[in-house]
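# A closer look at the structure
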Amino acid sequence: MATDLHELLRSLRVWDPEVTGLPAFDPGAAPAEPLALFTAWLAEVAAAGEREPHTMTLSTVDEEGLPDARIVMLHGVDADGWSFASHATSRKGRSLAARPYAALTFYWPVRGRQVRVRGPVTASPSAEAQADLHARSTGALAAALTGRQSEVLSSPEELARESEAAWERARRDPTAVSPTWTLYRLRPDEVEFFQGDGQRRHVRLRYRREGQDGGADGSWARELLWP
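Starting afresh in each chain, residues are numbered from 1 along the sequence in its written order. Residues qualify for local features only when their pLDDT is at least 70, as the model is predicted, and side-chain atom pairs are given and counted only at 80 or more; totals for whole chains, interfaces and linings, by contrast, use all residues. Excluded from the side-chain calculation are hydrogens and water; included are all heavy atoms of the structure.

Turning next to the layout of surface pockets. Roughly 300 Å³ of volume is contained in the largest pocket. Lining the largest pocket are 16 residues, and of these T146, G147, R148, Q149 and L159 sit closest to its centre. At four residues, helix 5 (residues 138-146) tops the list of elements feeding residues into the lining of the largest pocket. Buriedness of a pocket was judged along seven lines, with at least five required to meet protein on both sides within 12 Å; pockets are open sets of points on a 1 Å grid over the protein atoms alone, cavities are sets where a 1.4 Å probe fits but cannot get out, and lining residues have an atom within 4 Å of a point. Grid points are joined across faces, edges and corners, and a volume is the space filled by probe spheres set on the points. Put simply, DSSP H or I for four residues or longer makes a helix, DSSP E for two residues or longer makes a strand, and each gets a number counted from the N terminus.

All right, on to a nonpolar patch on the surface then. Like charges within 9 Å and nonpolar side chains (Val, Leu, Ile, Met, Phe, Trp, Tyr) within 5 Å are joined into patches, using only residues over 30% in relative accessible area that form no salt bridge. Using the Shrake-Rupley algorithm and a 1.4 Å probe, accessible areas are obtained, with residue cover drawn only from the displayed protein chains. Throughout this description, the term salt bridge denotes a Lys or Arg side-chain nitrogen within 4 Å of a carboxyl oxygen of Asp or Glu. A cluster of nonpolar residues, L5, L8, L9 and L12, forms a patch on the protein surface that exposes about 410 Å² of accessible area. Within the fold, L5 resides in helix 1 (residues 2-11).

On to the side chain of D62. If you trace the backbone, D62 turns up in the loop between strand 1 (55-61) and strand 2 (67-73). R91 provides the closest opposite charge to the buried, unpaired D62, separated from it by 5.1 Å. One polar contact links the side chain of D62 to the main-chain amide nitrogen of L66, over a distance of 2.8 Å. If we skip the residues at most four places from it in the chain, D62 touches S95 and R99. Exposure categories follow from relative accessible area, calculated using a 1.4 Å probe and restricted to protein chains: below 20% of the type maximum is buried, above 50% is exposed, and the middle band is partly exposed. His is not counted, nor are the chain ends; Lys and Arg add positive charge and Asp and Glu add negative charge. As used in this structure description, the phrase polar contact means that two N or O atoms lie within 3.5 Å; if the pair is within protein, one of them must be able to donate a hydrogen and the other to accept it, and residues adjacent in sequence are counted only when both atoms belong to side chains. We call two residues in contact when some of their heavy atoms are within 4.5 Å.

Attention now moves to the side chain of H202. Residue placement: H202 occurs in the loop between strand 8 (190-195) and strand 9 (203-209). Here H202 falls in the buried class, since its relative accessible area comes to 15%. A distance of 3.0 Å separates a polar side-chain atom of H202 from the backbone nitrogen of D197. With near-sequence residues (within four places) excluded, H202 lies in contact with W15, F194, Q195, G196, D197 and P227.

Here the focus is the nonpolar core. Ranked by internal contacts, the top residues of the largest apolar core, which has 28 residues, are F84, L104, F106 and V115. Mapped by element, the contributors of at least two residues to this core are helix 2 (34-47), strand 1, strand 4 (81-87), strand 5 (101-108), strand 6 (113-123), strand 7 (181-186), strand 8 and strand 9. Only buried Ala, Val, Leu, Ile, Met, Phe, Trp, Tyr and Cys residues count toward a nonpolar core, and they belong to the same one when joined by side-chain atoms within 4.5 Å.

Quick look at the environment of G81 now. By secondary structure assignment, the location of G81 is in strand 4. G81 sits in the buried class, given a relative accessible area of 1%. Residues G81 and V117, 36 residues apart in the sequence, show an inter-C-alpha distance of 9.9 Å. Those residues in contact with G81, other than ones at most four positions away along the chain, are G76, R185, L186, R187 and P188.

So this is what it looks like as C-alpha cells:
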C-alpha cells in the first residue's frame, strides 16, 4: 500500500502544461497596494477557468496554541480587509476569540499562483453579519440556522431532521436571524503574491505594512523573497 501511494505521488504532475499556463509577472510593475493586485489576479484566474477561486484555506491557532486549517469562502475584500464568516461557537470561532489572528491562503493552479494573507481578525457588528447572510442563498441560511457547527453529531438521521427543519424555516422566513453567525474581517499585516515559473525561478512579492502603528496611513513596503 505504501509503495502504491509513493508511485501515485511520483506520477502526479504540478502545473501540467495541458491545463496550466504560467504567465510572466513583473513585480516592478505591481501596484502600490495589494488590494488592486489581488482583484486583478482573482479576475484573471476566474477568466482562465479556475473553479471556485474565491475559496481559501483559513489557518488559526486555538486556545492551547495548536494550529488548525480548513477551507472557507471569501465573502468580500475592501480597504478594511478580507472577510469570511462562521459561527462564533464553531471551532474556528472559538480559536479566533482566544487568538484573534489568522492566515489565509489562496491557491490557483490554473496559473500557478498563490496569495497568502495574514493579520489580526475582528468580528463585524451583528447587523452586518446578518445582512451578509441574508444576501446569500436559501441553503446558506438554512445551514446557518442549524447553528451546531463543530459539535459532535449523534447520527446522520439527526442531521437530516434538523437540516430539513432549517430549510423549511429559511424558505418561510428569508430574514431569519442566526444569533451566532459572525462575519469576520482580517486586516492584513502582510500579503504575499507567488507566481510559479517553469524554471523554478518563482516570483514572490510581499507587501508589508509600514510604520510602528501597523501602517494606519495605508502605506505598504514591497519586497521580493527568495523562492
